[in-house]
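Breakdown of the fold
Here is what each chain is made of, one letter per residue.
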Amino acid sequence: MSKQAFIPLSVPCIEGNAWKYVKECLDTGWVSSAGKYVEIFEQKICGYTKAKYAVAVSNGTVGLYISLKLSGVEPGDEVLVPTLTFIAPVNAIRYLGAEPVFMDCDDFMNLDPVNMAEFVQSGCRLTKRGLINKKTGRRVKAILPVHIFGNPCDMQAIMGLARKYGLKVIEDATESLGSSYTSGVYENKFTGTIGDLGVYSFNGNKIVTTGSGGMIVTNDKSIAEKAKYLTTQAKDDAIRYVHNEVGYNFRLTNLLAALGVAQIEKLPGYIKIKKANYLEYKKRLAGIKGVTLLGTPAGTSPNYWFYSIIIDKDAYGADRERLMAKLESSGIQTRPIWFLNHLQKPYSKNQAFKIEKATWFWERVLNVPCSSGLTKRQVAYVAAKIKSSN
Ligand SMILES: *Cc1c(COP(=O)(O)O)cnc(C)c1O
């Protein structure tokens, strides 16, 4: 095969009205915290996801932090979170002085509700103070499911458990903008809009990007108002500078929101491309022994943000590290899945409940190129190199 240019794991796709909207900000001087684009971007997110309220923030991590805070998570509380996730939601829990309790994952690498139900039923007791972890004596306040790589979590089971035990639910939908359910009680609902609060991210590698940015969504008006208030310096009198609470500067600028508006116009097209490329990978990887493309949960319509392949080193004839190195030398960037959070230094003393599947995936998963600008020819090239790298 002819020599190809470097194929990165995931890079932004900037097109459409991006230049027009950003130029308008530059030309008019409305580049900072005032201007029309923040509100337009929030409305576009509401329009697309059918969330009632959206509050733009400077990144997904602070969006999660504020969402946890607005859910009543206090210092010393515990939050149930998957060990297999990017570390940001785990850190957001710690920023509040609360502690993560790590849960296992299911066959789609999402928070496993069966494992979590077992933890709640066997490891906790319901009291007047709320759900108490028997081992630590701490109050379990919330669940933080993460829709990994765009695959929707089993929210029906998660919400059922949360309601039964009085837990708040903050959805980390940072990777799953545009993912939805096609059957069940949440049919036609988008990830991020089912729990008490949901958070999207517009980091450079996400399906829609503003360079850096995020959005909190909720169906509760008072929570949305409080989120806006806290993330914009908690102004009680904007002219006389009166602040009745400790606020934060977590705003998204007009300049970045303008880029976001142009990007969200392209979201349906990006999902189409990502799905087509997913199916192309599936077709081309099908015959390779020891290589499996991660599936998608039944009854969902994912955004196909990332593509994970699972390497069975005995069947394939090489392990993941070797495959990654070989692909790198062919100009193909890939990455193993995140190191498990219950083993990360800041969290190694935290409780982790029966982690099995997450360890299995962690040893085997490699993510392959998935940008929205990826062509079918590039997918074919990557698949061919995977086939010949054992
Ligand atoms: C990207 C990401 C975040 C954080 O978003 P930022 O906008 O980069 O702060 C949080 N959780 C997960 C799972 C992510 O992938």
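Just so it is clear, the structure is predicted and the values come from calculations on it, not from any experiment. (Residues numbered from 1 in each chain as written. Predicted model: local features only at pLDDT ≥ 70, side-chain atom pairs only at ≥ 80, totals over all residues. Heavy atoms only, no water.)

**Some points on the overall build of the protein chain**
Along its length, the protein chain carries 13 helices and 15 strands. Compactness check: the protein chain gives a C-alpha radius of gyration of 21 Å against a globular reference of 21 Å for 390 residues, within 12% of the reference. Expressed as lengths along the three principal axes of its C-alpha atoms, the size of the protein chain is roughly 70 × 60 × 40 Å. Intrachain contacts of the protein chain at a sequence separation of at least 6 include 72% that bridge at least 24 residues. In the structure as shown, the protein chain presents an accessible area of about 16800 Å², 52% of it carried by carbon and sulfur atoms. In the protein chain, the 50 positive side-chain charges and the 34 negative ones have mean positions that sit 3 Å from each other. (Helix = DSSP H or I, 4+ residues; strand = E, 2+ residues; numbered from the N terminus. Rg over C-alpha atoms; globule rule 2.2 N^0.38 Å. Contact = heavy atoms within 4.5 Å. Areas by Shrake-Rupley, 256 points an atom, 1.4 Å probe, with all protein chains shown as cover. Lys, Arg positive; Asp, Glu negative; His and termini not counted. Charge placed at Lys NZ, Arg CZ, Asp CG, Glu CD.)

**Let's talk about the pattern of salt bridges**
Where charged atoms from two side chains of opposite charge come close, those side chains can pair. Under the counting rule described, the total for this entry stands at 16 salt bridges. Linking Glu280 and Lys376 is a salt bridge whose minimum nitrogen-to-oxygen distance equals 3.8 Å. Here the residue Glu280 occupies a position in helix α9 (residues 267-285), and Lys376 occupies one in helix α13 (residues 376-387), the gap between them amounting to 96 residues. One salt bridge connects Glu363 with Arg364, and the closest N-O pair in it is separated by 3.2 Å. By sharing partners, the salt bridges in this structure join Glu280, Lys283, Arg284 and Lys376 into a single network. (Salt bridge = Lys/Arg side-chain N within 4 Å of Asp/Glu carboxyl O.)

**What to know about the layout of surface pockets**
Its volume calculated, the largest pocket comes out at about 400 Å³. Taken together, 27 residues make up the lining of the largest pocket; nearest its centre are Phe86, Glu175, Asn203, Asn205 and Lys206. Among the elements of the structure, α3 (60-70), α4 (88-95) and β14 (335-336) are those that each provide at least two residues to the lining of the largest pocket. Looking at which element gives the most residues to the lining of the largest pocket, the answer is α3, with three residues. When we break the lining of the largest pocket down by domain, the ones giving at least three residues each are domain 1 (18-264) and domain 2 (267-388). (1 Å grid on protein atoms, 1.4 Å probe; cavity = no way out; pocket = protein on both sides within 12 Å on 5 of 7 lines; lining within 4 Å. Points joined across faces, edges and corners; volume = space filled by probe spheres on them. Domains from an automatic or database assignment.)

**Thoughts on the packing of helix α5 (residues 113-123) against helix α6 (residues 155-165)**
Pairs of packed helices are described in terms of their axes, by the angle between the two and the distance that separates them. The contact between α5 and α6 brings their axes to 10 Å, and the two run at 15°. When the axis of α5 is compared with that of α6, the two are roughly parallel. For the pair α5 and α6, the sense of crossing is left-handed. Touching Pro113, Met116, Ala117, Val120 and Gln121 of α5 are Ala157, Ile158, Leu161, Lys164 and Tyr165, all from α6. When its residues are assigned to classes, the contact of α5 with α6 shows eight nonpolar, one polar and one charged. (Axes fitted to C-alpha atoms, helices over the stretch in contact; angles between N-to-C directions. Parallel < 35°, antiparallel > 145°, perpendicular 65-115°, else oblique. Left-handed = near helix turned anticlockwise from the far one by under 90°. Nonpolar A, V, L, I, M, F, W, Y, C, P; charged D, E, K, R; others polar.)

**Focus: the sheet that holds strand β13 (residues 307-311)**
An order of β11-β13-β15-β14 is seen for the four strands of this open sheet, with the pairing classed as antiparallel. Two strands lie at the open edges of the sheet, namely β11 (291-293) and β14, each paired on one side alone. The sheet strands contacting helix α11 (residues 320-329) are β13, β14 and β15 (365-368), and the helix crosses β15 at an angle near 20°. (Pairing = 2+ DSSP bridges.)

**Regarding unusual backbone geometry**
We note that Ala234 has phi near 50°; this positive angle belongs to a residue other than glycine. You can see Ala234 is positioned in the loop between α7 (221-231) and α8 (254-264). Positive phi outside glycine occurs at Tyr304, with the angle close to 50°. Residue position: Tyr304 is located in the loop between β12 (300-301) and β13. Owing to a relative accessible area of 11%, Tyr304 belongs among the buried residues under this scheme. (Buried < 20%, exposed > 50% of the residue type's maximum accessible area, 1.4 Å probe, protein only.)

**Quick look at the side chain of Glu171**
Relative to the assigned elements, Glu171 resides in strand β7 (residues 168-172). Buried charge without a partner: Glu171 forms no salt bridge, and the closest opposite charge is Lys189, 9.1 Å away. In terms of polar contacts, Glu171 uses its side chain to reach the backbone amide nitrogen of Ile194, at 2.8 Å. Excluding its chain neighbours within four sequence positions, the residues that come into contact with Glu171 are Pro145, His147, Met155, Thr191, Gly192, Thr193, Ile194, Gly195, Leu197, Gly198 and Val199. (Polar contact = N/O pair within 3.5 Å; in protein donor to acceptor, adjacent residues only side chain to side chain.)

**Topic: the site of the ligand**
The environment of the ligand is formed by 16 residues, the closest being Gly60, Thr61, Glu175, Ser201 and Lys206. For the ligand, a nitrogen atom lies 2.8 Å from a polar atom in the side chain of Asp172. Notes on the ligand: free accessible area 380 Å², of which the protein chains cover 92%. Here the ligand occupies the largest pocket. (Near = heavy atom within 4 Å. Sits in = over half its atoms within 2 Å of the grid points.)

None of this, on its own, says anything about what the molecule does.
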